[in-house]
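Letter by letter, the chains look like this.
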Amino acid sequence: MAPILVSMEIGKDGIAIIRICNPPVNALTFSVIGSLKEQYEEAVKRNDVKAIVLTGDDKFCVGLDINIIQKVQKTGDTSFLPDASVELVIDTIENGKKPSVAAIQGFALGGGLELAMGCSARIATSRAELGLPELKLGLIPGCGGTQRLPRLVGTSKAIEMLMSSKIITSEEGKEFGIIDDVVSSHEDLLTVSRLWALDIAEGRKPRTHTLQRTDKIKPIHESSAILEVQRQQVLKTPRSMPHYKVCLDVIEEGIVSGGYAGVLKEDKVFRELVLSKSAKALLHAYFAERATSKVPGITDCKIKHRKIEKVAVIGGGLMGSGIATALILSSIQVILKEINFDYLLKSLKSIEVNLHSLVKRGELLEKKMKKAFSLLKGVVDYEEFTNVDMVIEAVNEEVLLKQSIFEEIEKICPPHCIFASNTSTIDLNVIGARTKSQDRIVGTHLFSPAHVMPLLEIVQTENTSKLVILDVLKFAKIIQKIPIVVKNCTGFAVNRTFFPYMQGAEILANLGVDVFRVDRVITEFGMRIGPFQLFDLSGYSIFLASVKEFAAAFPDRTFQCPLVQLMMANGRTGKKNGRGYYLYKKGKIPEPDLSVLKIVEESRRLASIMPGGEPISVMDQEIVEMLFFPVVNEACRVIEEGVVLRASDLDVASIHGMKFPSERGGIMYWADSIGAEYIYARLKYWSKAYGNFFQPSQFLQEKATKGIPLLEL
């Protein structure tokens, strides 16, 4: 017997409760949409029904089943897309003979919110999540969202929500105009929604047709000006993301020609965008991200994870203060240890600054900031470590220091406590070599700034217990990080894969390519900043420490040159002292420091790798390739050695750890879009011309020879 996907109950008050029952998230499939139409038709026919309350079983609705989009992209056939925008939302719900009220609990996202906006009123439980996140997938809303949202919240707020894919709470929704009333419980939700529906049906409240509203829409000339400002912002982003611009065009169509015309254009554009390169890449990244939390042999076993409620962080520098900030924002008690009170005060001040910056950007309420800060306690000894669930070590990358810390905490912490290191390169076996608790040692490598960057690299040694990995996976969810589980090796997965990126930049500089041109080309490709500005921001000493580790582990393919040492000898430390490849002044955009070119010239003289002593001539595309193809090459080694569970984990890592442009799908997806054969051929050519740094890996060679995609294991 087929499951009931949409049910209907009719009360004595004449209100029909139509309920979506497609667990776990009530996604809209062809069957669900068809069943919704059938139940609405039945409700309209019945004389004992005055009005309808549309709700969901447990949750409201997450929107269109993402698997439908995936099927369309695989087949290239848009006929698999349901026609819900006009037939269901306009004809059946919004303009139907009987009014509808949406009763929202849990969330109403994407097509779910579009269904709700087609209703005459929307009632929601407290803290329900609302949003139209389609642009994150390279799409635009497809059931009238670009038309109804501006009519409910105004043009400016709608543009802000759509462009950012921002998820808001039901309380914010009421403030902005999406939600009509917020209730405290599920029982109240249905009671209040019934009363609203009855009041509308009997004329005590007006029946509104959102698509026909104009009271929140500014006059055409004002709205067009607002849209033009946003278009200019989109054009400043050097990325191939057409959906942002066309979303603005669709909004404007509705303002100029009316809501119905806007809906028709929205539907047409949506169907075109589904098959765009950026939509395919972003959907791949979406599924890759969902897969990272599934770890065979751990998440599919009957192991019960333990709660991590109190965490000690050792070291309050840039990383430690960022980690502490991330934890207290997620309501975790934190003990922050520093070596003395002066350093501790600086660390606490850094955390306070982190929180205030979030408040200033509107990402954190003042009330929550105060609550978060109250969860933090600073110490200069280990007395408070006797009852912590986890310790995260975030001190300088010095092996002996880390070893002594792990020895000390083993004596003091409870037997269940997890010993984690935030090291980015050092072998965890070495860090924990002096302890007897090898099964409790794990890497928790976050990326700077830790309270902002979303990736958490969970590093397991051969001795790390399955329970510890499961605990940290659940912990990642609590602190709202995207986890990838990797094996222990120098640099782990992310830094090891992307170390050739920085090395490649140094090689290009020493081959005679202008450093500022390299940064320009790479930002035009879609990276947030270029490699030389990244040197400035990440710190020269950290880079040199990494070079030391990589040179010891991979001496045959580590390029060492004097450029960074020369920069430091010239009194430059990057952003830290305001002088690097760029000049940094408070409140101003960094400017290239042309005086640095003399230092680069000296490095070229000492490195002496320019063919015939003359700078090489390269096209912009070659700059991109010479930086990223070695990254792909190292990623192939990481995959071959089993450092990651799946190749797509490196796509997630590249997007969320190194800010590789998401609309390119991640480093491996991008590589497959080019082809392993071409990448192999270019690397082979460069290895003959410029040395072993470019030597293709065996894994890449095999894939290229057999014509197999790199993502296919």
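What counts, and where the lines are drawn
- Residues numbered from 1 in each chain as written.
- Predicted model: local features only at pLDDT ≥ 70, side-chain atom pairs only at ≥ 80, totals over all residues.
- Heavy atoms only, no water.
- Helix = DSSP H or I, 4+ residues; strand = E, 2+ residues; numbered from the N terminus.
- Rg over C-alpha atoms; globule rule 2.2 N^0.38 Å.
- Buried < 20%, exposed > 50% of the residue type's maximum accessible area, 1.4 Å probe, protein only.
- Contact = heavy atoms within 4.5 Å.
- Areas by Shrake-Rupley, 256 points an atom, 1.4 Å probe, with all protein chains shown as cover.
- Expected span 1.5 Å × (residues − 1).
- Patch = residues over 30% accessible without salt bridge, like charges linked within 9 Å, V, L, I, M, F, W, Y side chains within 5 Å.
- Salt bridge = Lys/Arg side-chain N within 4 Å of Asp/Glu carboxyl O.
- Lys, Arg positive; Asp, Glu negative; His and termini not counted.
- Charge placed at Lys NZ, Arg CZ, Asp CG, Glu CD.
- Pairing = 2+ DSSP bridges.
- Axes fitted to C-alpha atoms, helices over the stretch in contact; angles between N-to-C directions.
- Parallel < 35°, antiparallel > 145°, perpendicular 65-115°, else oblique.
- Left-handed = near helix turned anticlockwise from the far one by under 90°.
- Nonpolar A, V, L, I, M, F, W, Y, C, P; charged D, E, K, R; others polar.
- UniProt positions renumbered as here; feature names shortened; annotations may be inferred.
- Polar contact = N/O pair within 3.5 Å; in protein donor to acceptor, adjacent residues only side chain to side chain.
- Core = buried A, V, L, I, M, F, W, Y, C linked by side-chain atoms within 4.5 Å.

Points about the overall build of the protein chain
Counting secondary structure elements, the protein chain contains 29 helices and 21 strands. Here the protein chain has a C-alpha radius of gyration of 28 Å; the compact-globule value for 713 residues is 27 Å, and the two agree. With respect to the three principal axes, the spread of C-alpha positions in the protein chain is 90 × 60 × 55 Å. Burial statistics for the protein chain: of 713 residues in total, 56% are counted as buried. Here the contacts in the protein chain between residues at least 6 apart in sequence split such that 73% fall between residues at least 24 apart. Accessible surface, the protein chain: about 30700 Å² in total, of which carbon and sulfur atoms supply 53%.

Structural notes on helix 25 (residues 620-640)
For helix 25, with 21 residues, the first-to-last C-alpha span of 30 Å sits near the 30 Å given by 1.5 Å per residue. Summarising burial for helix 25: 17 of the 21 residues are buried, a large majority. G642 occupies a position one or two residues after helix 25 and carries a positive phi of about 75°.

What about a positive patch on the surface?
A cluster of basic residues, R127, K367, K368 and K371, forms a positive patch on the protein surface. Within the secondary structure layout, K367 lies in helix 15 (residues 366-374).

Some thoughts on the sheet that holds strand 9 (residues 129-131)
Taken in spatial order, the 3 strands make up an open sheet running 7-9-10, and their pairing is mixed. For this open sheet the edge positions go to strand 7 (107-109) and strand 10 (168-169), each flanked by a neighbour on one side alone. Two elements, strand 7 and strand 9, share 3 bridges in a ladder whose sense is parallel. If you follow F107 over to strand 9, its bridge partner there is E129.

Details of unusual backbone geometry
Omega for the bond connecting P23 with P24 falls within 30 degrees of zero, at 10°, which places this linkage in the cis form. Mapped onto the elements, P24 comes out in the loop between strand 2 (15-20) and strand 3 (27-28). Cis rather than trans, the peptide bond between S448 and P449 has omega equal to -5°. Tracing the sequence through the fold places P449 in the loop between strand 17 (441-446) and strand 18 (455-460). Of note in the backbone geometry, D58 takes a positive phi value of approximately 75° without being a glycine. Relative to the helices and strands, D58 is located in the loop between strand 4 (51-56) and strand 5 (63-64). According to the relative accessible area criterion, D58 is exposed, its value standing at 53%.

Notes on the sheet that holds strand 12 (residues 310-314)
Across the sheet, which stays open at both edges, the 8 strands sit in the order 14-13-12-15-16-17-18-19 with mixed pairing between neighbours. This sheet does not close on itself; its edge strands, each paired only once, are strand 14 (376-379) and strand 19 (482-487). Strand after strand, the sheet turns through a mean of 25° between neighbouring axes, direction not considered. Helix-sheet contacts for helix 18 (residues 466-478) involve strand 12, strand 15 (390-393), strand 16 (418-421), strand 17, strand 18 and strand 19, and the interaxial angle to strand 18 is about 175°.

Remarks on the pairing of strand 16
Burial along strand 16 is two-sided: the face carrying I418 and A420 and the face carrying F419 and S421 are both buried. The sheet contact formed by strand 15 and strand 16 spans 4 bridges and is parallel. Across the sheet, I392 pairs through a bridge with A420, a residue of strand 16.

Section: the packing of helix 6 (residues 155-164) against helix 9 (residues 220-236)
How two helices sit against one another is set out by the angle between their axes and by the gap between those axes. Following both chains from N to C, one finds helix 6 and helix 9 inclined at 25°, their axes separated by 10 Å at the closest point. Judged by the inter-axis angle, helix 6 sits roughly parallel to helix 9. For the crossing formed where helix 6 meets helix 9, the hand is right-handed. Between helix 6 and helix 9, the residues in contact are T155, S156, I159 and M163 and S223, I226, L227, Q230 and V234, respectively. Taken together, the residues that form the contact of helix 6 with helix 9 break down as 5 nonpolar, 4 polar and no charged.

A short note on the UniProt feature "domain: 3-hydroxyacyl-CoA dehydrogenase C-terminal" (unreviewed entry) in the protein chain
Following the UniProt record, the feature "domain: 3-hydroxyacyl-CoA dehydrogenase C-terminal" (unreviewed entry) maps to residues 491-584 here. Secondary structure within residues 491-584 divides into 61% helix and 2% strand; the distance between the first and last C-alpha atoms comes to 29 Å.

Here we look at the UniProt feature "domain: 3-hydroxyacyl-CoA dehydrogenase NAD binding" (unreviewed entry) in the protein chain
Cross-referencing UniProt, the feature "domain: 3-hydroxyacyl-CoA dehydrogenase NAD binding" (unreviewed entry) maps to residues 310-489 in the present numbering. What you have in residues 310-489 is 40% helix and 22% strand, and the ends, taken at the C-alpha atoms, are 29 Å apart.

Some points on the pattern of salt bridges
Counted according to the given criterion, the structure contains 40 salt bridges. Where R122 meets D180, a salt bridge forms, and the shortest distance between an N and an O atom there is 3.9 Å. With a gap of 58 residues between them, R122 in strand 8 (residues 121-125) and D180 in the loop between helix 7 (170-176) and strand 11 (181-183) connect regions that are remote in the sequence. We note a salt bridge from R361 to E363, for which the minimum N-O separation is 3.1 Å.

A few points about helix 1 (residues 30-45)
Look at helix 1: 23 Å from first C-alpha to last across 16 residues, which is about the 22 Å you get at 1.5 Å a residue. Looking at helix 1, one finds that the buried residues are V32, I33, S35, L36, K37, Q39, Y40 and A43.

Remarks on the side chain of K98
Inspection of the secondary structure puts K98 in the loop between helix 3 (85-94) and strand 6 (100-104). No salt bridge forms around the buried K98; measuring N to O, its nearest opposite-charge neighbour D48 is 6.5 Å away. A distance of 3.0 Å separates a polar atom in the side chain of K98 from the backbone oxygen of V44. Residues contacting K98, with those up to four places away along its chain left out, are A43, V44, R46, V49, K50, A51 and R207.

Digging into the nonpolar core
Formed by 103 residues in total, the largest nonpolar core has its most connected members in F385, Y581 and F628. Top contributing element to this core by residue count: helix 25, with 12 residues. Judged by nonpolar contacts, the second largest core, of 70 residues, contains A43, F60, I140 and L248.

Looking at the environment of S687
Positionally, S687 belongs in helix 28 (residues 676-690). With near-sequence residues (within four places) excluded, S687 lies in contact with F694, Q695 and P696.

Considerations on the environment of V459
With respect to the secondary-structure elements, V459 resides in strand 18. As for V459 and M241, which are separated by 218 residues in sequence, their C-alpha atoms are 34 Å apart. The residues contacting V459, other than those within four sequence positions of it, are L428, V442, G443, V486, K487, N488 and F492.

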